[in-house]
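One-letter residues, chain by chain:
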Amino acid sequence: MNISYNWLKRYIDLKDDAETVAKILTSIGLEVGTVENVESIKGGLKGLVVAEVLTCVAHPNSDHLHICSVNLKGAVGADGTIYDEPVQIVCGAPNVAAGQKVICATIGTTLYSGEESFKIKRGKIRGEESLGMLCAEDEIGVGTSHDGIIVLPADTPVGMPAREYYHVEDDTLIEVDITPNRNDGASHYGVARDLHAYYAARGIKAELKRPSVEAFKVESNSLPIQVTVANPNACPRYTGVSIKGVTIKESPDWLKTALTTIGLRPINNVVDVTNFVLHEQGQAMHAFDADKIKGHHVIVRNAGEGEKFVTLDGVERKMDSRDLMIANPEEAMCIAGVFGGLDSGVTMETKNVFLESANFDPVSIRKTARRHGLSTDASFRYERGCDPNNTLYILKRCALLIQEVAGGEIAMDIVDIKAEPEFKPWKVEFDAERAQLLIGKHIGEDTIRTILKALEIEIVKEVGQHWTLAVPRYRVDVQRECDVVEDVLRIYGYNNIEFPEKVNTTLSYSPKPNPETLQKKLSEQLSAQGFYEIMNNSLTKVAYYKDGWLDSCVKIKNPLSQDLGVMRQILLFGGLESIQRNVNRKNADLKLYEFGNCYHYAPANGQGEPIDAYQEEKHLVLWLTGNKTIQSWVRKDEKVSFYQLHAYVNMLLKRLGVDLAGCTLEPAIDPEGKSCPISDCFTDGLIIKAKNGNNLGYMVIVNPALCKQFDIDNPVYYADLNWKQLLHQNAIYKPVINDLPKFPEVKRDFALLVDKAVLFSEMQKLAFETERKLLKDVYLFDVYEGKNLEEGKKSYALSFVLQDKENTLKDKQIEFIMERLRKAFEDKFGAKLR
């Protein structure tokens, strides 16, 4: 939200400059993003001065140009020149004449036209020297006319800077990042109120000035408008008044300047006043053309299911029966608190206005805005909660401003319909002694009282240290004791709470590293191996989950958009989005990892408690894509591969103490393609099973068709590990310390011809089952598929490591073991020695 420093000073006497104010706002919870200097007219009219045309004669080489002698005496030019003598300027304006007071751009002045600019230089026009430029309105940004040069009143002093004549002011724009709970700060007056509390708590005088509405009075009853609120729950308070005989025209300069400074486009005087009041007071207003309200009757009602309504942007929208509408007896005129209608607003032909100031239910407004994909200044504030006690004041404030800029008379008694007789302050029980403990420092009871008073929080009852507080309704975020303590602390200043010199701690011993420690260790290991950690949103696109997947998704009832419509079941898609973003920025060689939660919905599990139908699981996932190595003078490009992913996964499992020898690998897709829940997303892969049969995770090759949807050309390799199962494996891991072997190990190799369907993991498992005592390791060092082999066969080259801790192995022992292994392979897999 943009805050104008000059506008802010209307409501509080500020002694600090804008930069200091920005720092104060950040310290009290209204965090400032940027501070930027702005000008009401681009360039600030620097280098432009009032001049007098002394003589004006026709140009000898042109039928429309004139040579003028111009008096600039006493003027200071853009380049610092102080003019004493008249200068010659060639001018093409049809209305230029001797004796005129005009605006002159001196040498070195920069003039702006939209985003373009040009600099006034000394030059010749048709052979005659020209030392400046006489300007039209549109050329300097003070108007739109280009019919001729600006002619000023005869008594305007020569040499006066144009910025002084046009009252050009510099301003500072303070961008405040409003958090969802601080709607009270979403206006200039709200920010001023917080600054006043800051200064008051420090004994600094800074008067808070709320614009008076005492001048408001009803002048006639010639334009009564009836109001009916059919849904008081969605509209707790509705006020309205009519203004007759307004003149719609361009807004005065002060109003246009205020709006353009904060980035709003002026429309007309009445609409601009409603926008001004919104940014002044933090509540939206709406001005209807009273003559377009059929039956002179306003009805606040819910929309009919499927009712069609054309909004101000020209879009026809299909309404929901839960949407609140402002209507007349025949048709809807406005989506309450969100967006106006196309045909009910104020136009240049409007003569009579009905002004609405209302308070709407935040939940209703938020849901309507999300349903229709609308986000407006009005919905931004209403969905965060506005003060119903401020509704009438804002109506009067807006009405008075409209009379000031557009004339007219108040033509009816105010309509004020309330769902409650009185909107009472929030009642909060507060313990002053406990507050000191929560703050972490004894700041004194008097200080707390001063801050509460500055925050307009009233102490209505005291029993010792126990106080009953009345919190204003505009503070929708302060309804508990801890909220009050937080408010006191932010005004007192977080930086004023010193750290104690002594730190107390409680040490505990855990025989096993906790999950956070293990996660940190694995993160450090992966980062050291060149991986980057990513963190993606748990909310993701509905389109990612098709067919049966969508039924098991945890759906968001009121999503911000379809891109955030469900909670993720798998981390795969977020990583592919990250890869896509990097690839689009010429960073295609990636190794990524993420620790994140996945969410599932199983209605069958929620027969007892509904919450049981929802499941949350933490996973560790890896992605590899692009090149493993980049070409250089010593090596060529090498692509990442599935085997590289497998190696990284094995290293992680080893770090956690998982018994790799006891793990088995199974195909991620069986003949029906049902082994893995995301089988459509990949073409091949392996499921990792622990010794107890539990799934530890899987490693897969992402389907190229899926990669293509994300504009990823390189293969992507993906591993997904179940964090809960990994922690269980780590918990049962018991390190064993062995002496270094005294006797050497022996290696023997087999080249075996097997069916293509046979996996190395199956052969490895069989080898350890066959020789449990002396076989220490089995690894695959070559795979061959090609010529000179039978159809449907492949060749595995296996290496076996044998070792006896008690004796040196003899040839007969070795041969006996190798023969047993060969026969076992032959019996189970039909393997043959090559």
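Above this note sits the structure.
Residues numbered from 1 in each chain as written. Predicted model: local features only at pLDDT ≥ 70, side-chain atom pairs only at ≥ 80, totals over all residues. Heavy atoms only, no water.

**Regarding the overall build of the protein chain**
At step 1: Tallying secondary structure elements over the protein chain gives 21 helices and 44 strands in all.
At step 2: Its C-alpha atoms give the protein chain a radius of gyration of 39 Å, more than 25% over the compact-globule value 28 Å for 834 residues.
At step 3: The dimensions of the protein chain, computed from C-alpha atoms along their principal axes, are 125 × 85 × 65 Å.
At step 4: Buried positions account for 48% of the 834 residues belonging to the protein chain.
At step 5: Total accessible area computed for the protein chain in this model is approximately 43100 Å², and 49% of it derives from carbon and sulfur atoms.
At step 6: If you average the places of the 100 positive and of the 117 negative side-chain charges in the protein chain, the two averages end up 7 Å apart. (Helix = DSSP H or I, 4+ residues; strand = E, 2+ residues; numbered from the N terminus. Rg over C-alpha atoms; globule rule 2.2 N^0.38 Å. Buried < 20%, exposed > 50% of the residue type's maximum accessible area, 1.4 Å probe, protein only. Areas by Shrake-Rupley, 256 points an atom, 1.4 Å probe, with all protein chains shown as cover. Lys, Arg positive; Asp, Glu negative; His and termini not counted. Charge placed at Lys NZ, Arg CZ, Asp CG, Glu CD.)

**Examining the packing of aromatic side chains**
At step 1: For the structure shown, the criterion picks out 20 aromatic pairs.
At step 2: Between Tyr11 and Tyr189 the ring centres are 6.1 Å apart and the planes differ by 80 degrees, which places this aromatic pair in the edge-to-face class. Pair noted here: Tyr11 is in the loop between helix 1 (5–8) and helix 2 (18–27) and Tyr189 is in helix 5 (residues 188–201), with a separation of 178 residues, a long-range link. Both residues of the pair, Tyr11 and Tyr189, belong to the buried class.
At step 3: Feature note: the residues Tyr544, Tyr545, Phe573 and Phe710 constitute an aromatic cluster, connected by ring pairs.
At step 4: If you follow Arg193 out to its NZ or CZ, it ends over the ring of Tyr474, 3.7 Å from the centre.
At step 5: The ring of Trp426 has Arg473 lying over it, and the distance from NZ or CZ to the ring centre is 4.3 Å. (Phe/Tyr/Trp six-rings, centres within 6.5 Å; stacked < 30°, edge-to-face > 60°. Lys NZ or Arg CZ within 6 Å of the ring centre and 35° of its normal.)

**A closer look at the pattern of salt bridges**
At step 1: Applying the stated rule across the entire model yields 38 salt bridges.
At step 2: For Glu383, the salt bridge goes to Arg384, with nearest N and O atoms at 3.4 Å.
At step 3: Several salt bridges converge on common partners, so that one network encompasses Arg182, Asp184, Asp194, Arg475, Asp477, Asp487 and Arg490. (Salt bridge = Lys/Arg side-chain N within 4 Å of Asp/Glu carboxyl O.)

**Structural notes on the sheet that holds strand 44 (residues 832–833)**
At step 1: The 4 strands lie next to each other as 42-43-41-44, forming an open sheet whose pairing is antiparallel. With one partner strand each, in any of the chains shown, strand 42 (775–784) and strand 44 form the two edges of the open sheet.
At step 2: Taken together, the 10 bridges between strand 41 (residues 746–755) and strand 43 (residues 793–802) define a ladder with antiparallel strand orientation. Within the sheet, the bridge partner assigned to Lys747 lies in strand 43 and is Val801.
At step 3: In the packing of helix 20 (residues 760–770) onto the sheet, contacts are made with strand 41, strand 42 and strand 43, and the angle to strand 42 comes to roughly 155 degrees.
At step 4: Helix-sheet contacts for helix 21 (residues 811–829) involve strand 41, strand 43 and strand 44, and the interaxial angle to strand 41 is about 15 degrees. (Pairing = 2+ DSSP bridges. Contact = heavy atoms within 4.5 Å. Axes fitted to C-alpha atoms, helices over the stretch in contact; angles between N-to-C directions.)

**Things to note about the sheet that holds strand 31 (residues 554–555)**
At step 1: Taking strand neighbours across the sheet as the criterion, the 3 strands line up as 30-32-31 in an open arrangement whose pairing is antiparallel. Either end of the sheet is taken by a strand with one partner, and the two such strands are strand 30 (539–540) and strand 31.
At step 2: Bridge analysis of strand 31 against strand 32 (residues 566–567) gives 2 bridges, and the strand direction is antiparallel. Residue pairing across strands places Val554 opposite Met567, the latter belonging to strand 32.

**Looking at the packing of helix 11 (residues 432–439) against helix 13 (residues 481–492)**
At step 1: Running from N to C, helix 11 and helix 13 point in directions that differ by 60 degrees, and their axes come no closer than 10 Å. As the angle between them shows, helix 11 and helix 13 are arranged oblique. As helix 11 packs across helix 13, the resulting crossing turns out to be right-handed. Of the residues in helix 13, those touching helix 11 at Arg434, Ala435, Leu438 and Ile439 are Glu481, Val485, Val488 and Leu489.
At step 2: Considering only residue class, the contact of helix 11 with helix 13 consists of 6 nonpolar, no polar and 2 charged. (Parallel < 35°, antiparallel > 145°, perpendicular 65-115°, else oblique. Left-handed = near helix turned anticlockwise from the far one by under 90°. Nonpolar A, V, L, I, M, F, W, Y, C, P; charged D, E, K, R; others polar.)

**Brief notes about the nonpolar core**
At step 1: In terms of nonpolar packing, the biggest core is built from 122 residues, with Leu25, Leu195, Tyr238, Ile326 and Phe354 touching the most fellow members.
At step 2: Counting residues per element, this core draws most heavily on helix 10 (residues 391–406), which supplies 10 residues.
At step 3: Apart from the residues within four sequence positions on either side, Ile326 is in contact with Tyr238, Phe288, Val298, Ile299, Val300, Ala332, Met333, Cys334, Ala336, Glu356 and Phe360. (Core = buried A, V, L, I, M, F, W, Y, C linked by side-chain atoms within 4.5 Å.)

**Quick look at helix 7 (residues 269–281)**
Because each turn of an α-helix spans 3.6 residues, side chains separated by three or four positions in sequence point in the same direction.
At step 1: A rise of 1.5 Å per residue sets the reference length of helix 7, with its 13 residues, at 18 Å; its end C-alpha atoms lie 18 Å apart and thus fit the reference within 8%.
At step 2: Counting buried positions over the 13 residues of helix 7 gives 12, a clear majority of the element.
At step 3: When we look at burial in helix 7, the residues that qualify are Asn269, Val270, Val271, Asp272, Val273, Thr274, Phe276, Val277, Leu278, His279, Glu280 and Gln281.
At step 4: Two or three places before Val270, at the start of helix 7, stands the capping residue Asn268, its side-chain oxygen 3.2 Å from that residue's backbone nitrogen. (Expected span 1.5 Å × (residues − 1). Polar contact = N/O pair within 3.5 Å; in protein donor to acceptor, adjacent residues only side chain to side chain.)

**Structural notes on a nonpolar patch on the surface**
At step 1: Nonpolar side chains collect at one region of the surface, where Val310, Leu312 and Leu342 lie side by side and expose about 240 Å² of accessible area between them.
At step 2: As for its placement among the helices and strands, Leu312 is situated in the loop between strand 18 (308–310) and strand 19 (316–318). (Patch = residues over 30% accessible without salt bridge, like charges linked within 9 Å, V, L, I, M, F, W, Y side chains within 5 Å.)

**Quick look at the pairing of strand 38 (residues 682–689)**
At step 1: Looking at chain direction, strand 37 (residues 664–667) and strand 38 are connected through 4 bridges and run antiparallel. Counterpart to Leu665 in the pairing with strand 38 is Ile688.
At step 2: When strand 38 meets strand 39 (residues 695–702), the two strands line up antiparallel, connected through 7 bridges. Note on strand 39: the bridge partner recorded for Ile688 is Gly697.

**Digging into the packing of helix 2 against helix 5**
At step 1: Direction vectors running N to C along helix 2 and helix 5 enclose 85 degrees, while the axes themselves pass 10 Å from each other. With respect to their mutual orientation, helix 2 and helix 5 come out roughly perpendicular. Mapping the contact onto sequence places Val21, Ile24, Leu25 and Ser27 in helix 2 and Val191, Leu195, Tyr198 and Tyr199 in helix 5.
At step 2: Its residues placed into classes, the contact of helix 2 with helix 5 shows 7 nonpolar, 1 polar and no charged.

**Regarding helix 12 (residues 445–454)**
At step 1: Taken together, the buried positions of helix 12 are Ile448, Ile451, Leu452 and Ala454. Take helix 12 and look down its axis: the buried residues cluster within an arc of 160 degrees, on one side only. Exposed side chains of helix 12 directed beyond 90 degrees from the buried face belong to Asp446 and Lys453.
At step 2: Residues of helix 12 that are buried in the fold lie against helix 5, strand 26 (426–431), helix 11, strand 27 (458–463), strand 28 (466–471) and helix 13.
At step 3: Glu456 lies just past helix 12 and shows a positive phi near 65 degrees. (Arc of directions from axis to C-beta.)

**Side note on the environment of Glu594**
At step 1: Take Glu594: it is sitting in strand 33 (residues 590–601).
At step 2: A sequence separation of 27 residues divides Glu594 from Val621, and the C-alpha atoms of the two residues are 5.5 Å apart.
At step 3: Apart from residues no more than four positions distant in its own chain, Glu594 is found in contact with Ile534, Met535, Asn536, Arg568, Leu571, His619, Leu620, Val621 and Trp623.
At step 4: Within the structure, Glu594 has its side chain in polar contact with the backbone nitrogen of Asn536 (distance 3.0 Å).

**So, the environment of Pro329**
At step 1: Positionally, Pro329 belongs in the loop between strand 20 (324–327) and strand 21 (332–335).
At step 2: Between the C-alpha atom of Pro329 and that of Ser561, which follows or precedes it by 232 residues, the distance is 33 Å.
At step 3: Residue contacts for Pro329: discarding those within four places in its chain leaves Lys294, His297 and Ile299.

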